[in-house]
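Residue strings, one per chain:
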Amino acid sequence: MDYLDRLNDMQRLAAVHTEGPLLILAGAGSGKTSTMTCRIAYLIQEKGVSPYNILAVTFTNKAAKEMRDRVEQLVGSGLNMWILTFHSACLRILRSHADVLGYGRDFAVYDPADQKTLVKNICKDLQIDTKKFNPAYFLSIISKCKEERITPKDYPREYGTDFREEMIHKVYDAYETQLHKNNAMDFDDLLLNAVRVFEQDEAVLLKYRNRFRYIMVDEYQDTNQIQYTFVRMLAEEHRNLCVVGDDDQCIYQWRGADIRNILEFEKDFPGTKVVKLDQNYRSTGNILEAAHSVISHNAARKPKKLWTEASGGSRITYFQAEDEREEANYIASEIHRLTAGSYTLEEGRKEGRKFSEFAILYRTNAQSRTFEEALSYRNIPYRVLGGLRYYDRKEIKDIMCYMRIVQNRADDLALVRIINEPKRGVGGKTIEKLQTLARVRGESLFDTLLDKDVVASLSAKAGQGIRELTEMILSFSEESGNMRVSDLYDGLLVRTGYMKMLEDQNTVESETRIENLMEFKSVIYDYEEEDKDLSLSDFMERIALLADVDNHDAGENAVVLMTLHSAKGLEFPFVFMPGMEDGLFPGWRAFDRPDGLEEERRLCYVGITRAKERLWMTSAQRRMLYGKIDYTRESQFMREIDPKLLEGDGVYQKKPSAGMFRDGARAPEAIRPFDQLKYARQMTKRNAEAMQQSAADSFAQGDRVSHPKFGEGEVLEASGKILRVRFADGDKKLAIGFAPLKKL
Ligand code: ATP
Ligand code: MG
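Residues numbered from 1 in each chain as written. Chains lettered and ligands numbered in written order. Predicted model: local features only at pLDDT ≥ 70, side-chain atom pairs only at ≥ 80, totals over all residues. Heavy atoms only, no water.

Caption draft 1: Molecular detail of the overall build of the protein. Within the protein one finds 31 helices and 23 strands. Scaling as 2.2 N^0.38, a compact globule of 744 residues should have a C-alpha radius of gyration of about 27 Å, and the protein matches this with 29 Å. Once the C-alpha set of the protein is aligned to its principal axes, its extents read approximately 90 × 65 × 50 Å. The proportion of buried residues among the 744 residues of the protein is 55%. Look at the contacts in the protein between residues 6 or more apart in sequence, and 75% of them connect residues 24 or more apart. Total accessible area on the protein stands at roughly 32,600 Å², and carbon and sulfur atoms take up 48% of it. (Helix = DSSP H or I, 4+ residues; strand = E, 2+ residues; numbered from the N terminus. Rg over C-alpha atoms; globule rule 2.2 N^0.38 Å. Buried < 20%, exposed > 50% of the residue type's maximum accessible area, 1.4 Å probe, protein only. Contact = heavy atoms within 4.5 Å. Areas by Shrake-Rupley, 256 points an atom, 1.4 Å probe, with all protein chains shown as cover.)

Spelled out as structure tokens, the structure:
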């Protein structure tokens, strides 16, 4: 029982309060998760509760695994307890009882790719043009409906019956029918159907109610309505439900989390024992103060304050870099300094710290790139948690393959990767056949695709797709010598349909992909700035080196990089929070939703409270993000921190007018931050349009034209699509439709 001795009085009270509803509502690092773990051990060891009767749910696989490991350390392994995520708990239940809903038990679980195929087929049947209405569009609406429990039958009542809604209704209806017919469920169904089983078959509900006498939910503030119903149905009778959370850490409202679930828990379960923990064991005093000063700017919030026995510790270092590269170098050099052995512990020992004690927590994925480069440069091992390294991301690899094939048409590997991306109706089998043919003929795959007879032997759709692809690649590669790499990039993004594919999907994931692709423009601009005549092959050569730094030890002892969102529940001795700028954090999107800014502020609170020993907050006065250089303003969250808690370069530059923004939740319209991402997307389209626009103009010998790179010139010769133009620095051959040419 010594684990109980390690708890403080309030924590112990919560751990041994085993009967009846229990709400542990407490701030970050107060030991909520630890208490819950001890409570499980206590139930088993002291109360003689069988592990079979316990259900503990949390949000991520990582958190579930960590909790399982900690419980096993206390009570021994091999107990096969249900310590799971919501989805896996529901899946297990459905494996035994899906027949209630008319499913076979061996039902399939459709992943997003399967879902898309299904919707595509449905659209075909319903004669819906998927060029106008992307399958992903329907899927995101369907998912939202399932979350809100709006069935196809309810749909017209909820959303009306105009043309568009009627169409969505039909797709949704067919989708559900088909899933059922295929004996399949999607991810949303797992939660929803588990609840439905409980509703429709009382015997099953009673079975699980009887089994799960003790239910615990961590991070309860981020549950949505269906998760709430699931828990509530199971716990209604025995009422031994313990939920743990922190309303200040609710960061998933944009994905349907409902903060009311935790705030109204006492109402839902009368007689709830509420335990508030107010001692923080994680962070130093200064870190805690800073977190508090930020979060207390939220108007919609139950006041609470944490305290700690720990000393004040170091102040928070606030570093304002010139630009994002200096910011990344600064962070890398700090990590280098502290791991190299110059860090003095309080007892006066000098010791190098481990890389794994450092975390860099950023607001958007696209920020990771500069850190990855700065860390690689110093040979500091790193791991991108809950995500891929920048150059390993699918969209980055895809677009680089397009650039590779433009540069070198013999690059079969690159071609195979993008031949059906976006979809051109070229299936895996066809690709294999084409590759074999190319091998037999001893030529490149691209050359094989140029053979009209080969293309004619394919399906009409695939044939058409391949013709368009090869034509496009040929003309891009002919023109690549006369184009700036950045223009080529914009052109590729738009002409290949890649950008449109992502835009049509209109999901959180596809937005992230667009952000990453836009950030690639920063990479290109960086190189173009250094080398005005940067050619595609120069660029590809340098990028190949960068993209290939993965022979790092990415094992245990590595700096961790991740988004603030995925850092929830974790802790690190040293934390860096870069990008403390208005528009980035809080992100400009925050201003679109009424509670948006408050949710960003909670995210800031989550970030600060991940740090145990030291925290760095940094910003750049000039930032290139998504290829656009912008002068930034320090984040309003920085201004909300008491300057006494800060030290470093950034502090002295604080403007005296900072106080004018301390007006709580609402930011005045005037400080609405500049939307770099939107700008970058517009520029990409505009550039691509300018190129295409040139195709609409007719050029003749003697015309005056202008080109963004070569300036003004005169058309010497116009034959078909190719123009020969005399510019100040020589004659150029330019293809109409690929050169951003304007007739004057
Ligand atoms: P979060 O809100 O971030 O999820 P939490 O409330 O779940 O935080 P834990 O992760 O359980 O907090 O604990 C934070 C840290 O405090 C851990 O390192 C844990 O070991 C330590 N801790 C918790 N309770 C005590 C205690 N009574 N004595 C000493 N250390 C403790
Ligand atoms: Mg926790």
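Caption draft 2: Local environment of the site of ligand 1. Around ligand 1 there are 19 residues in total, and Gln 11, Lys 32, Thr 33, Ser 34 and Glu 571 lie nearest to it. Within the backbone of Arg 6, a nitrogen or oxygen atom sits 3.0 Å from a nitrogen atom of ligand 1. Against a free-state accessible area of 630 Å², the protein chains account for coverage of 80% of ligand 1. In terms of residue count, helix 3 (residues 32–45) provides more of the shell around ligand 1 than any other element does, three residues in total. Looking at the shell around ligand 1, its residues break down into three nonpolar, ten polar and six charged. Three or more residues apiece are contributed to the shell around ligand 1 by two domains, here domain 1 (2–95 + 191–279) and domain 3 (316–389 + 549–677). (Near = heavy atom within 4 Å. Polar contact = N/O pair within 3.5 Å; in protein donor to acceptor, adjacent residues only side chain to side chain. Nonpolar A, V, L, I, M, F, W, Y, C, P; charged D, E, K, R; others polar. Domains from an automatic or database assignment.)

Caption draft 3: Region of the structure containing the nonpolar core. Within the largest apolar cluster, 62 residues are counted, with the highest numbers of intra-cluster contacts made by Met 403, Phe 520 and Phe 539. The biggest single contributor to this core is helix 18 (residues 394–407), with eight residues. Shared between two domains, this core takes at least three residues from each, and those domains are domain 3 (316–389 + 549–677) and domain 4 (392–545). With residues up to four places along the chain from it excluded, the contact list for Phe 520 reads Tyr 390, Tyr 391, Ile 396, Met 400, Met 403, Tyr 489 and Phe 539. Membership of the second largest hydrophobic core comes to 42 residues, among which are Val 57, Phe 107, Leu 241 and Ile 262. (Core = buried A, V, L, I, M, F, W, Y, C linked by side-chain atoms within 4.5 Å.)

Caption draft 4: Molecular detail of the sheet that holds strand 21 (residues 722–727). Pairing in this open sheet of five strands is antiparallel, and the strands run 22-21-20-19-23 from one edge to the other. Edge positions in the open sheet fall to strand 22 (730–735) and strand 23 (742–743), since each of these has one partner strand only. Direction of pairing for strand 19 (residues 704–707) relative to strand 23: antiparallel, over a ladder of two bridges. By the bridge assignment, Val 705 is partnered in strand 23 with Lys 743. (Pairing = 2+ DSSP bridges.)

Caption draft 5: Representation of the domain arrangement of the protein. If you check the domain split of the protein, you get domain 1 (2–95 + 191–279), domain 2 (111–182), domain 3 (316–389 + 549–677), domain 4 (392–545) and domain 5 (697–743). Between domain 3 and domain 4, the residue contacts involve 17 residues of the former and 16 residues of the latter. Carbon and sulfur atoms make up 44% of the area that domain 3 and domain 4 hide from each other, which totals about 1,600 Å². Here domain 3 and domain 4 share four salt bridges between them. Where domain 3 meets domain 4, there are seven residue pairs in polar contact (both at pLDDT 80 or more). Contributions of two or more residues to the side of domain 3 that touches domain 4 are made by helix 17 (368–377) and strand 16 (611–625). Looking at side-chain class alone, the side of domain 3 that touches domain 4 contains nine nonpolar, four polar and four charged residues. (Buried area = accessible area lost by both parts, 1.4 Å probe. Salt bridge = Lys/Arg side-chain N within 4 Å of Asp/Glu carboxyl O.)

Caption draft 6: Geometry of the packing of aromatic side chains. According to the stated counting rule, one finds 25 aromatic pairs in the structure shown. Ring geometry for Tyr 103 against Phe 107: centres 6.4 Å apart, planes inclined by 65 degrees, an arrangement best described as edge-to-face. A relative accessible area of 6% places Tyr 103 in the buried class. Aromatic ring contacts, followed pair by pair, group Phe 59, Trp 82, Phe 86, Phe 198, Tyr 208, Phe 212 and Phe 230 into a single cluster. One cation-aromatic arrangement involves Arg 92 over Trp 82; the distance from NZ or CZ to the ring centre is 5.1 Å. One cation-aromatic arrangement involves Arg 95 over Phe 107; the distance from NZ or CZ to the ring centre is 4.3 Å. (Phe/Tyr/Trp six-rings, centres within 6.5 Å; stacked < 30°, edge-to-face > 60°. Lys NZ or Arg CZ within 6 Å of the ring centre and 35° of its normal.)

Caption draft 7: Inspection of helix 3 at higher detail. With 14 residues, helix 3 extends 20 Å between its outermost C-alpha atoms, agreeing within 8% with the 20 Å of an ideal straight helix rising 1.5 Å per residue. The buried fraction of helix 3 amounts to eleven of the 14 residues, a majority that puts the element mostly inside the structure. Residues of helix 3 that are buried: Lys 32, Thr 35, Met 36, Thr 37, Cys 38, Arg 39, Ile 40, Ala 41, Tyr 42, Leu 43 and Ile 44. (Expected span 1.5 Å × (residues − 1).)

Caption draft 8: Representation of helix 15 (residues 285–295) in the model. Taken across its eleven residues, helix 15 has nine buried, putting it largely inside the fold. Turning to helix 15, its buried residues are Gly 285, Asn 286, Ile 287, Leu 288, Ala 290, Ala 291, Ser 293, Val 294 and Ile 295. In this fold, the buried residues of helix 15 make contact with strand 9 (316–323), helix 28 (596–608), strand 16 and helix 29 (636–640).

Caption draft 9: Examining a positive patch on the surface more closely. On the surface, Lys 120, Lys 124, Lys 131 and Lys 461 cluster together into a positively charged patch. With respect to the secondary-structure elements, Lys 131 resides in the loop between helix 6 (112–125) and helix 7 (135–147). (Patch = residues over 30% accessible without salt bridge, like charges linked within 9 Å, V, L, I, M, F, W, Y side chains within 5 Å. Lys, Arg positive; Asp, Glu negative; His and termini not counted. Charge placed at Lys NZ, Arg CZ, Asp CG, Glu CD.)

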